[in-house]
Amino acid sequence: MPDELPISSAADEFERLLGEESPGAALTLAPVLDAFARFAGVAFDVPDAPDADGCVLTHGVTEGLEGKTFTVRVSRGLRSPGGTEPDQVRVFCELAYEAAEPYDELGSRAESWFRGSNPEDFATWWRAVTGPLRASGLDDASPSSVEIGADDGSAPAG
């Protein structure tokens, strides 16, 4: 399909959408989630296989050297149709919040959705998995760190 982008452009496309959602401002959860929802709708050149294009949202409290943090991570994994480099790519954004206690009630969660399973149902899945985060007051809270990146997808998704 000519409207599909190569998976090698996925990271650039996500960063472009992030810039549109939060131009010149520090990133918070609301624009990240909004940009990611738009990013999930971008068609990439992937094989016609149920697991070739998937989105993952994870969140939870983690204990590190500097104490407890609450992290939210969105990622999208894409597989090449074959014979091209890279074979797969995962684009992600992770936000960490130092004050983890207010978000303890959200617990830990890892949810995934694959385009091949039901492409029309992304919006329903997205509302269900992001609704509790948005209702918690995280939308405009300032994260202590934001990491945006891409990798070859060989590590566990999420």
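Preceding block: the structure.
Read on for an overview of the structure. Small disclaimer: the values here were computed from a predicted structure and weren't measured.

1. Notes on the nonpolar core
- Core analysis: the largest hydrophobic core is formed by 40 residues, its most contacted members being Phe70, Tyr97, Trp126 and Leu138.
- Counting residues per element, the ones that place at least two in this core are helix H1 (10-21), helix H2 (29-40), strand E1 (53-64), strand E2 (67-79), strand E3 (88-97) and helix H3 (122-135).
- Broken down by element, the residue count for this core peaks at 7 residues, all from H2.
- Apart from the residues lying within four places of it in its own chain, the contact partners of Leu138 are Leu29, Phe70, Val72, Tyr97, Tyr103, Leu106 and Leu133.

2. Details of the packing of H2 against H3
- The interhelical angle for the contact between H2 and H3, taken along N-to-C directions, is 170 degrees, at an axis separation of 12 Å. With respect to each other, H2 and H3 are oriented roughly antiparallel. Along the contact surface, H2 presents Leu29, Ala30, Leu33, Asp34, Phe36, Ala37 and Ala40, while H3 presents Phe122, Trp126, Thr130, Leu133 and Arg134.
- The residue inventory of the contact of H2 with H3, partitioned by class, reads 9 nonpolar, 1 polar and 2 charged.

Thresholds, definitions, all that
Along every chain, residues carry numbers that run from 1 in the direction the sequence is written. Only residues with pLDDT of at least 70 are given local features in this predicted model, and only at 80 or more are side-chain atom pairs given and counted; all residues enter the totals for whole chains, interfaces and linings. Excluded from the side-chain calculation are hydrogens and water; included are all heavy atoms of the structure. For this analysis, a nonpolar core means a set of buried residues of the types Ala, Val, Leu, Ile, Met, Phe, Trp, Tyr and Cys, connected via side-chain atoms within 4.5 Å. Note on exposure labels: buried denotes an accessible area under 20% of the residue type's maximum, exposed denotes more than 50%, and partly exposed covers the range between, all computed with a 1.4 Å probe on protein chains only. Helix numbering and strand numbering both begin at the N terminus, where a helix is a DSSP run of H or I of at least 4 residues and a strand a DSSP run of E of at least 2. Two residues qualify as a contact provided that any one of their heavy atoms is within 4.5 Å of a heavy atom in the partner residue. With axes taken as lines fitted to C-alpha atoms, and helix axes fitted only over the stretch in contact, angles between N-to-C directions fall between 0 and 180 degrees. Orientation categories follow fixed angle ranges, with anything under 35 degrees roughly parallel, anything over 145 roughly antiparallel, 65 to 115 roughly perpendicular, and all other angles oblique. Following the grouping adopted for this structure description, the nonpolar residues are Ala, Val, Leu, Ile, Met, Phe, Trp, Tyr, Cys and Pro, the charged ones are Asp, Glu, Lys and Arg, and the polar ones are all others, Gly among them.

These results come straight from atomic positions and should not be treated as a statement about function.
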